[in-house]
Amino acid sequence: INALKNAAGMHIRENRRWDAGANNDGEHMSKKRVLLIGVTGGCGGVTGDKLLAAGYEVIATCRAAHVEKIRAGGKFDQVIALDLASNESVEAAFVELKRLGIGKLDALVNCAAIDPATPMETVSLEEMHRVYQINIFGTLRAVQLAIPLLRENGGGRIVLVGSLAGSYVMPMLGIYSSSKFALE
């Protein structure tokens, strides 16, 4: 969590220190395991680097088109395809976790989002649905599927990266801002 606080100056509502090598009771164990959604973007890439530097085991996710490139980078423990635009893709990613023998998580961190710069008067309903699918519904589906894996580990953290745009709407970002407000 402290690594996340430093990444891109993000504000995270968290009061307790969370050590990469301690369980929820503070006892040292194996590395904490984080499922990180959206490693191809700036926020996700920086967050992944910070988590790795802090000693976390990071299971990175990204859209299928980017999986091989991220794997080739060799820095993440696992790389799995996950596209928040599709609930089926989100569900398939959790099936893949199970296939890989990953039955427990310490944290889910979502950095994935899209922010089309489109005036509200011209944005199509299809584009609105796409933004909400990725920024809200796909994210919430991932949370639903992660909760049993967090419980299996005795608890954990869910970090959904928001945006100041959720509180302060800027021109051309109405759809994005409304989705980030909904996430808050």
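Structural data are supplied above this passage.
We now turn to the structure provided with this report. (Residues numbered from 1 in each chain as written. Predicted model: local features only at pLDDT ≥ 70, side-chain atom pairs only at ≥ 80, totals over all residues. Heavy atoms only, no water.)

## Considerations on the packing of helix 5 (residues 125-152) against helix 6 (residues 174-183)
Running from amino to carboxyl end, helix 5 crosses helix 6 at an angle of 20 degrees, the nearest separation of the two axes being 10 Å. Between helix 5 and helix 6, the crossing angle belongs to the class labelled roughly parallel. Both helix 5 and helix 6 take part in a crossing whose hand is right-handed. Touching Met128, Val131, Tyr132, Asn135, Ile136 and Thr139 of helix 5 are Ile175, Tyr176, Ser178, Ser179, Ala182 and Leu183, all from helix 6. Taken together, the residues that form the contact of helix 5 with helix 6 break down as eight nonpolar, four polar and no charged. (Axes fitted to C-alpha atoms, helices over the stretch in contact; angles between N-to-C directions. Helix = DSSP H or I, 4+ residues; strand = E, 2+ residues; numbered from the N terminus. Parallel < 35°, antiparallel > 145°, perpendicular 65-115°, else oblique. Left-handed = near helix turned anticlockwise from the far one by under 90°. Contact = heavy atoms within 4.5 Å. Nonpolar A, V, L, I, M, F, W, Y, C, P; charged D, E, K, R; others polar.)

## Remarks on unusual backbone geometry
At Met172, a residue that is not glycine, the phi angle is positive and equals roughly 75 degrees. Mapping Met172 onto the fold places it in the loop between strand 5 (157-160) and helix 6. Here Met172 falls in the partly exposed class, since its relative accessible area comes to 41%. (Buried < 20%, exposed > 50% of the residue type's maximum accessible area, 1.4 Å probe, protein only.)

## Some points on the pattern of salt bridges
Counted according to the given criterion, the structure contains seven salt bridges. With a shortest N-O distance of 3.0 Å, Arg130 and Glu127 are connected by a salt bridge. A residue pair is termed a helical-turn pair when its members lie 3 or 4 positions apart in one helix, as Arg130 and Glu127 do in helix 5 at three residues. Using a relative accessible area of 41% as the deciding quantity, one classes Arg130 as partly exposed. (Salt bridge = Lys/Arg side-chain N within 4 Å of Asp/Glu carboxyl O.)

## A look at the environment of Gly103
Structurally, the position occupied by Gly103 is in the loop between helix 4 (87-99) and strand 4 (107-110). Linking Gly103 and Leu150, residues 47 residues apart in sequence, is a C-alpha distance of 8.9 Å. Dropping the residues within four chain positions of it, Gly103 is found in contact with Arg33, Leu149 and Glu152.

## Quick notes on helix 6
Burial analysis of helix 6 places seven of its 10 residues in the buried class, the great majority of the element. Turning to helix 6, its buried residues number three or more, namely Gly174, Ile175, Tyr176, Ser177, Ser179, Lys180 and Leu183. Buried residues along helix 6 sit in contact with helix 5 and strand 5.

## Side note on the side chain of Thr61
Summarising the element assignment, Thr61 is placed in strand 2 (residues 57-62). The class for Thr61 is buried, based on a relative accessible area of 1%. The residues touching Thr61, leaving out its near neighbours within four places in the chain, are Leu35, Leu36, Ile37, Gly38, Val39, Ile80 and Leu82.

## Here we look at the pairing of strand 4
Of the two faces of strand 4, the one holding Ala107 and Val109 and the one holding Leu108 and Asn110 are both buried throughout. Where strand 1 (residues 33-37) and strand 4 come together, four bridges link them in parallel fashion. Directly across from Leu36, in strand 4, lies its bridge partner Val109. Bridge analysis of strand 4 against strand 5 gives four bridges, and the strand direction is parallel. Bridging across to strand 5, Val109 finds its partner in Val159. Regarding topology, helix 5 serves as the crossover connection from strand 4 to the parallel strand 5, and that connection is right-handed. (Pairing = 2+ DSSP bridges. Right-handed = clockwise from strand over helix to strand, strands pointing away.)

## A short note on helix 2 (residues 42-53)
Across its 12 residues, helix 2 extends 17 Å between first and last C-alpha, which sits within 8% of the 16 Å expected from 1.5 Å per residue. Phi turns positive, to about 100 degrees, at Gly55, one or two residues after helix 2. (Expected span 1.5 Å × (residues − 1).)

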